[in-house]
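# A structural walkthrough
Residues per chain are reported as follows:
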Amino acid sequence: MTAAPVLGASADPRLLGRDVHRIAFDERAISARVKELGAEITAAYPDGDLLVLGLLKGSFVFLADLVREIRRPLHVDFLVASSYGAGTVSSGSVELVYDPETVLEGKHILLVEDIVDSGRTLNRLIAVLGERAPKSIEICALLHKRIAGALAREARFVGFDAPNEFLVGYGLDHAENFRHLPYVASLR
Ligand code: PRP
């Protein structure tokens, strides 16, 4: 991958005085890929009840764009699991903070993630959600680092294979900053 120039805070006031190493996926690339994912998902679910389940907080931007590209009836709910603190390396333990209120039984569940990193979050969630007798569970991740060991369920829909860098923007954070960037960038 070619290195793009460092983007300074003077070039984007949303950067909070920090430079980002480079933009990994820009707005145009994300928008085009999200449209494609929407079409893939639409085609994959010809019938049945579809519940799009967004994993907060990271998926909120992606999910909002994605559901508007899915051309069939669906419901939306969210769940919250937290594995990262203020650091830049996964801590390993996954805590369920908010459980979806929607009944999952008999429904197609599409779990929407911003990024698959170590895979620990997904492995925990697939186990928990699988106990609720959904008709199917699939994963849609905007980014996939392809570094996870054994995944309980591989993501069926993936936006981009991502570099093994600390990525922020388009929902992804560092210590809660940068979620509002309209692009995905890597931090130094
Ligand atoms: C991040 C990210 C994914 C998960 C991926 O969430 O949004 O959900 O970690 O990491 P893993 O594959 O190593 O488990 P985080 O816990 O930071 O919470 P957030 O979505 O609120 O940012």
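Below, the structure is looked at part by part. On a predicted model such as this, the values are computed, not experimentally measured, just so you know. (Residues numbered from 1 in each chain as written. Predicted model: local features only at pLDDT ≥ 70, side-chain atom pairs only at ≥ 80, totals over all residues. Heavy atoms only, no water.)

## Quick notes on the overall build of the chain
- For the chain, the helix and strand inventory stands at 3 helices and 9 strands.
- Going residue by residue from the N terminus, the α and β elements of the chain occur as β-α-β-α-β-β-β-α-β-β-β-β.
- Evaluated residue by residue, the chain yields a buried proportion of 50% over its 188 residues.
- Across the chain, the fraction of contacts at a sequence separation of at least 24, relative to all contacts at a separation of at least 6, is 65%.
- Surface accessibility of the chain: about 9100 Å² in total, with carbon and sulfur atoms responsible for 51%. (Helix = DSSP H or I, 4+ residues; strand = E, 2+ residues; numbered from the N terminus. Buried < 20%, exposed > 50% of the residue type's maximum accessible area, 1.4 Å probe, protein only. Contact = heavy atoms within 4.5 Å. Areas by Shrake-Rupley, 256 points an atom, 1.4 Å probe, with all protein chains shown as cover.)

## Quick word on the sheet that holds strand E1 (residues 22-25)
- Taken in spatial order, the 3 strands line up as E1-E9-E8 in an open sheet, and their pairing is antiparallel. Single-partner strands in this sheet number two, and they are E1 and strand E8 (167-168). (Pairing = 2+ DSSP bridges.)

## Description of the nonpolar core
- Ranked by size, the top nonpolar core spans 28 residues in total, and within it Phe62, Leu66, Cys140, Leu143 and Val184 carry the most contacts.
- Looking at this core, the elements that each hand over two or more residues are E1, helix H1 (27-44), strand E2 (50-56), helix H2 (60-67), strand E5 (108-116), strand E6 (136-144) and strand E7 (157-161).
- Considering every element that reaches this core, the biggest residue donor is H2, with 5 residues.
- Excluding residues that lie within four positions of it along the chain, Leu143 makes contacts with Phe25, Asp114, Ile115, Val116, Phe160, Ala162, Leu167, Leu172 and Val184. (Core = buried A, V, L, I, M, F, W, Y, C linked by side-chain atoms within 4.5 Å.)

## Things to note about the pairing of E5
- Where burial is concerned, most of E5 is hidden: 9 out of the 9 residues are buried.
- Inspection of the sheet shows E2 paired to E5 by 5 bridges, in the parallel sense. Within the sheet, the bridge partner assigned to Leu51 lies in E5 and is Ile109.
- For E5 and E6, the ladder comprises 8 bridges, and the chain directions are parallel. Within the sheet, the bridge partner assigned to Val112 lies in E6 and is Cys140.
- At this point the chain moves from E5, through helix H3 (residues 120-130), to the parallel E6, and the crossover so formed is right-handed. (Right-handed = clockwise from strand over helix to strand, strands pointing away.)

## Examining the packing of H1 against H2
- At a minimum axis distance of 9 Å, the contact between H1 and H2 shows a crossing angle of 60°. In terms of orientation, H1 and H2 fall into the oblique class. Crossing angle aside, the handedness with which H1 passes H2 is right-handed. From H1, Val34, Leu37, Gly38 and Ile41 reach across to H2, where they touch Phe62, Asp65 and Leu66. (Axes fitted to C-alpha atoms, helices over the stretch in contact; angles between N-to-C directions. Parallel < 35°, antiparallel > 145°, perpendicular 65-115°, else oblique. Left-handed = near helix turned anticlockwise from the far one by under 90°.)

## Focus: H3
- Those residues of H3 that sit buried are Thr121, Leu122, Leu125, Ile126, Val128 and Leu129. Across the axial projection of H3, the buried residues extend over an arc of 165°, all falling on one side. (Arc of directions from axis to C-beta.)

## Quick look at the environment of Thr121
- Relative to the helices and strands, Thr121 resides in helix H3.
- Sequence-wise, Thr121 and Ala81 are 40 residues apart; in three dimensions their C-alpha atoms are separated by 7.4 Å.

## A look at unusual backbone geometry
- Residue Lys57 follows Leu56 across a cis peptide bond; omega there is 0°.
- With respect to the helices and strands, the residue Lys57 is situated in the loop between E2 and H2.
- A positive phi is found at Phe178, a non-glycine position, where the angle reads about 75°.
- Note on placement: Phe178 falls in the loop between E8 and strand E9 (184-186).
- Looking at Phe178, the relative accessible area reads 1%, which means it is buried.

## Some thoughts on the pattern of salt bridges
- According to the stated counting rule, one finds 14 salt bridges in the structure shown.
- Close ionic contact of Arg156 with Glu138 constitutes a salt bridge, the shortest N to O distance being 3.6 Å. Residue Arg156 is located in the loop between E6 and E7, and its partner Glu138 is located in strand E6; the two are separated by 18 residues in the primary sequence.
- Residue Arg156 is classed as partly exposed on the basis of its relative accessible area of 44%.
- Members of the salt-bridge network, linked through shared partners, are Lys57, Asp173, Glu176 and Arg179. (Salt bridge = Lys/Arg side-chain N within 4 Å of Asp/Glu carboxyl O.)

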